[in-house]
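Letter by letter, the chains look like this.
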Amino acid sequence: MKTKSMIALAIIITAVSLAGCGKSSTSQGDRTANALASYVAPGEKDEYYLFYSGGHSGQVFVAGIPSLRHIVTIPVFAPYPGTGYGFDEESKKMLGDFTWGDVHHPALSQTNSKYDGRWLFVNDNANNRIARIDLRDFKTHQILGPIPNSVGNHGSSFITENSEYILCATRFSVPLPKGRVADPKDYEKEFNGMVSGIKVDPQTGEMKVGWQILTPPFDWDLGSTGKGPSSGWAFWTSYNTEMAHDVMEVNSTQKDRDLCAVVNWRAAEKAVNEGKAQMMDGVPIIDPAKVPGVLYFVPIGKSPHGMDVDPTGKWVVAGGKLQPATTVLNFEKVQAAINNKTFEGDFRGIPILKYEAVVEGEVPVGLGPLHTQYDGRGFAYTSMFIDSCIVKWKLPPWTDEEKKDLNKAVLDKVPAHFSTGHLVVAGSDTKNPYGKWLVAMNKLSAGRHINVGPAQPESSQLIDISGDKMKMIAESYTEPEPHFAQILKVSEIQPAEVYPKEENKDPNAVWDKDATGVTRMGNQVVAKLTAIRSRFTPDRIDAQVGDDLTVHVTNIEQTRDMIHGFGLIEHNINMVMDPGETKTFHIKLTKPGVFPFYCTNFCSALHQEMQGYLVVWKPGEGPTSAGATGATAQR
Ligand code: K7E
Ligand code: CUA
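Residues numbered from 1 in each chain as written. Chains lettered and ligands numbered in written order. Predicted model: local features only at pLDDT ≥ 70, side-chain atom pairs only at ≥ 80, totals over all residues. Heavy atoms only, no water.

(A) Here's a closer look at the overall build of the protein chain. Scanning the protein chain from terminus to terminus reveals 10 helices and 43 strands. For 635 residues, the compact-globule estimate of 2.2 N^0.38 gives 26 Å, and the C-alpha radius of gyration of the protein chain, at 27 Å, lies within 12% of that figure. In terms of overall dimensions, the protein chain has C-alpha extents of about 90 × 65 × 45 Å along its principal axes. Across the 635 residues of the protein chain, 58% fall into the buried class. In the protein chain, 62% of the contacts between residues at least 6 apart in sequence involve partners at least 24 apart. Between the mean site of the 63 positive side-chain charges and the mean site of the 72 negative ones, the protein chain shows a separation of 1 Å. (Helix = DSSP H or I, 4+ residues; strand = E, 2+ residues; numbered from the N terminus. Rg over C-alpha atoms; globule rule 2.2 N^0.38 Å. Buried < 20%, exposed > 50% of the residue type's maximum accessible area, 1.4 Å probe, protein only. Contact = heavy atoms within 4.5 Å. Lys, Arg positive; Asp, Glu negative; His and termini not counted. Charge placed at Lys NZ, Arg CZ, Asp CG, Glu CD.)

This is the structure in structure tokens:
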């Protein structure tokens, strides 16, 4: 959720709405039961991973469930000194010219609509990128982008049933291709949005831009991919169907209903293969007005946000930020409306499906419904930004009595603190959710913790959804700012404990003392070091001002958690090598002096002794001949 005014509104309404959702008080008996439910005793382990997006921190946070303890941070779009990310040549290259990103929606890779435990993809709203984290080592291995013809990569990253594609839709529209300039006053005519299909290699996970679908300049919002009967389809909400370009708060909220996108991505793929696309900035682009069957619109009230397909693939639920109800689309009816051409007109040649023909019902969940998740037992859970609570309700099929009054489908509400954005139910976006746990990711923690000054952390709350009534169990805090999250059963993956020596294909890796050393070719100085408790070999590097220095450090440990760092004084160099890993940095030496380098990661009783010297001689003073330098003598 972005809108400042919504937040302001929520602050005003929070006090009122707390009463609306009932009061949370915890009796002594409940306290004990809740504590036991989330307690993970020393030495015992959590049952689930919780992968939080880190918002504009550019990172992904990993916590355990049920403890909600933060376990590790995976840096993605921002340098992170703790793991040396963004300092060595390889990760620096991945980050490119950017030092931040805005991570919103993590997506675990799937096979047959179930998590396959291979990769976690995350989007960057700010710089139009997608990244892939490998769950073998919990590290970022690829950053794709900025994606051409795509601006504001927020409606992303939504993965298809067999990880064929990551589907993305643009939050912002601009004149395309990027770089073309037009006056925002000509927004309607000159600006466009885009849906992108990012192809994922089934073996390696490597991503590349597959194709794109040109759209009118609506602001695409959240999306979701189909499964089962909706296999091959994807859905996005939108706001600003008004196509306003200024005073958006007012001008983009005029209409009662905005047009959501119903995309047949298999049809788009087929049309591209049949040569029906035109190239723009190197990407085949489908104009859906010219290729029927790829894109349909469906009206949904009012300024909707979340769009979530249920585990059966039959129900698609939109949250209407400004209407006190969720809208339930019936995909079978969507299909029938398409086949029977039950349209209520078109927009720029794209058919608009007739609202009454595709909507199963509007469920009066309360104020500010944003996102919906499912437990696989026929129940839906919606986060309420304004009401500050989680609402449990019943998916269709509804009884006649419920249909007459859908208030009867609303089953339970539990207060959240405060202003919930996303929520996640374990496995909700698969065909077999784990159910059991729900985490509410709240935008405002508003002093429910010890006072840390004006800036407050975000709060997360763990809710047990295994019974009829939801039960608030525990609460924790994170840095800004989790949007969505994914939950994966710990038993489903087996991350590596070390990088085996035989897998290290770095041509500059060295494993034996004899292969280490410092060599010079002209002004190119190359040092190859090993790191093992508690010594760098060599522990002296000689060079001169003006030299180009390249240092490769291999951590030759094959023992879990035996990590060594390489910090170089006053040069902004900070590498961290996991067991079996080689990392490289490159610098131009500009100042004379003796600069100690040292291991940054506490590795042994003699960790403090794990140090050496970079000796940078004045020009002409130091070693100039080819071959080993003084370092050899030091070994
Ligand atoms: Cu609702 Cu970016 Cu998914 Cu934030 S978005 S909450
Ligand atoms: Cu190696 Cu500390």
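Having seen the model, we can carry on.
(B) How the structure looks around the side chain of Glu402. Looking at where Glu402 falls in the secondary structure, it is placed in helix H9 (residues 400-404). Since its relative accessible area comes to 12%, Glu402 is described here as buried. Within the local environment of Glu402, its side chain forms a polar contact with the backbone nitrogen of Thr399, the two atoms lying 2.9 Å apart. Aside from chain neighbours lying at most four places away, what touches Glu402 is Lys394, Lys408 and Ala409. (Polar contact = N/O pair within 3.5 Å; in protein donor to acceptor, adjacent residues only side chain to side chain.)

(C) Main features of the packing of aromatic side chains. Inspection of every chain in the model, using the stated rule, returns 22 aromatic pairs. The interplanar angle of 65 degrees and the centroid separation of 5.4 Å between the aromatic rings of Tyr165 and Trp265 together place this pair among those described as edge-to-face. Placement of the pair is Tyr165 in strand S9 (residues 165-169) and Trp265 in helix H6 (residues 265-273), with a sequence separation of 100 residues. Each of the two residues, Tyr165 as well as Trp265, counts as buried. Look at Phe536 and Phe597: their rings are 5.6 Å apart centre to centre, the planes differ by 75 degrees, and that puts the pair in the edge-to-face class. One end of the pair, Phe536, is in strand S36 (residues 535-537); the other, Phe597, is in strand S42 (residues 593-598), with 61 residues separating them in the sequence. Residue Phe597 is classed as buried on the basis of its relative accessible area of 0%. Each residue in the set Trp233, Phe235, Tyr296, Phe331 and Phe343 is aromatic and connected to the rest through ring pairs, giving one cluster. Directly above the aromatic system of Phe379 lies the positively charged group of Lys392, at a separation of 4.4 Å from the ring centroid. (Phe/Tyr/Trp six-rings, centres within 6.5 Å; stacked < 30°, edge-to-face > 60°. Lys NZ or Arg CZ within 6 Å of the ring centre and 35° of its normal.)

(D) A look at the pairing of strand S39 (residues 564-568). The buried fraction of S39 is high, at five of five residues. Burial along S39 is two-sided: His564, Phe566 and Leu568 and Gly565 and Gly567, pointing in opposite directions, are all buried. Relative to strand S40 (residues 573-577), S39 runs antiparallel, the two being bridged by five bridges. Residue pairing across strands places Gly567 opposite Asn574, the latter belonging to S40. The pairing of S39 with S42 spans two bridges and is antiparallel. (Pairing = 2+ DSSP bridges.)

(E) Focus on the site of ligand 1. In the region of ligand 1, 11 residues are neighbours, and His104, His105, His154, His305 and His422 sit closest. Broken down by class, the residue content of the shell around ligand 1 amounts to two nonpolar, eight polar and one charged. (Near = heavy atom within 4 Å. Nonpolar A, V, L, I, M, F, W, Y, C, P; charged D, E, K, R; others polar.)

(F) Focus on the sheet that holds strand S30 (residues 437-442). Strand order in this open sheet of four strands is S29-S30-S31-S32, and the pairing throughout is antiparallel. Two strands in the sheet have a free side with no partner beyond their single neighbour: strand S29 (420-425) and strand S32 (471-478). The mean angle between the axes of side-by-side strands here comes to 20 degrees, regardless of whether they run parallel or antiparallel. Sheet topology note: the S29/S30 ladder contains four bridges and is antiparallel. Along S30, the bridge assignment pairs Val424 with Val439. Contacts from helix H2 (residues 28-38) reach S30, strand S31 (458-464) and S32 within the one sheet, and its direction differs from that of S32 by about 60 degrees. (Axes fitted to C-alpha atoms, helices over the stretch in contact; angles between N-to-C directions.)

(G) Just the sheet that holds strand S21 (residues 326-330), in detail. If you walk across this open sheet you meet the four strands as S19-S20-S21-S24, and the pairing is antiparallel. Here the strands that pair on one side only, and so sit at the sheet edges, are strand S19 (304-309) and strand S24 (359-363). Each neighbouring strand pair of the sheet contributes to a mean axis angle of 20 degrees, computed without reference to strand direction. As judged from the four bridges shared by S19 and strand S20 (residues 315-320), these two strands associate in the antiparallel manner. By the bridge assignment, Pro304 is partnered in S20 with Gly320. Packing against the sheet, helix H7 (residues 331-339) makes contact with S21 and S24, and its axis sits at approximately 60 degrees to S21.

(H) Up close: unusual backbone geometry. The omega torsion of the bond from Leu176 to Pro177 falls at -5 degrees, within 30 degrees of zero and hence cis. In this structure, Pro177 sits in the loop between strand S10 (174-175) and helix H4 (187-190). The phi dihedral of Ser303 is positive, around 50 degrees, even though this residue is not glycine. Turning to its location among the elements, Ser303 is positioned in the loop between strand S18 (295-301) and S19. Of note in this structure, Ser419 is not a glycine but carries a positive phi near 55 degrees. Among the secondary structure elements, Ser419 is positioned in the loop between strand S28 (410-415) and S29.

(I) How the structure looks around the confidence of the model for the protein chain. Summarising the model, the protein chain shows a mean pLDDT of 94, and 94% of its residues fall at 70 or more. Residue range residues 1-20 is modelled with pLDDT below 50. Its contacts to residues more than four positions away, or to other chains, number 31 contacts. Between residues 625-635, whose pLDDT stays under 50, and residues either more than four places distant or in other chains, the model counts 23 contacts. (pLDDT = per-residue confidence, 0-100.)

(J) Inspection of the nonpolar core at higher detail. Membership of the largest hydrophobic core comes to 31 residues, with the highest contact counts inside it found for Trp211, Ile213, Trp236 and Phe297. The element best represented in this core is H6, accounting for four residues. When neighbours within four sequence positions are excluded, Ile213 is seen to be in contact with Gly193, Met194, Val195, Val263, Ala268, Ile286, Pro288 and Val294. Counting 26 residues, the second-largest nonpolar core is a separate cluster that includes Val518, Ala527, Ile541 and Met575. (Core = buried A, V, L, I, M, F, W, Y, C linked by side-chain atoms within 4.5 Å.)

(K) The pattern of salt bridges, seen in detail. Taken as a whole, this structure holds 26 salt bridges when the rule is applied. For the salt bridge of Lys139 with Asp578, the shortest nitrogen-to-oxygen distance reads 2.4 Å. Here the residue Lys139 occupies a position in strand S7 (residues 139-144), and Asp578 occupies one in the loop between S40 and strand S41 (582-588), the gap between them amounting to 439 residues. Here Lys394 and Glu402 are joined by a salt bridge, their closest N and O atoms 2.8 Å apart. (Salt bridge = Lys/Arg side-chain N within 4 Å of Asp/Glu carboxyl O.)

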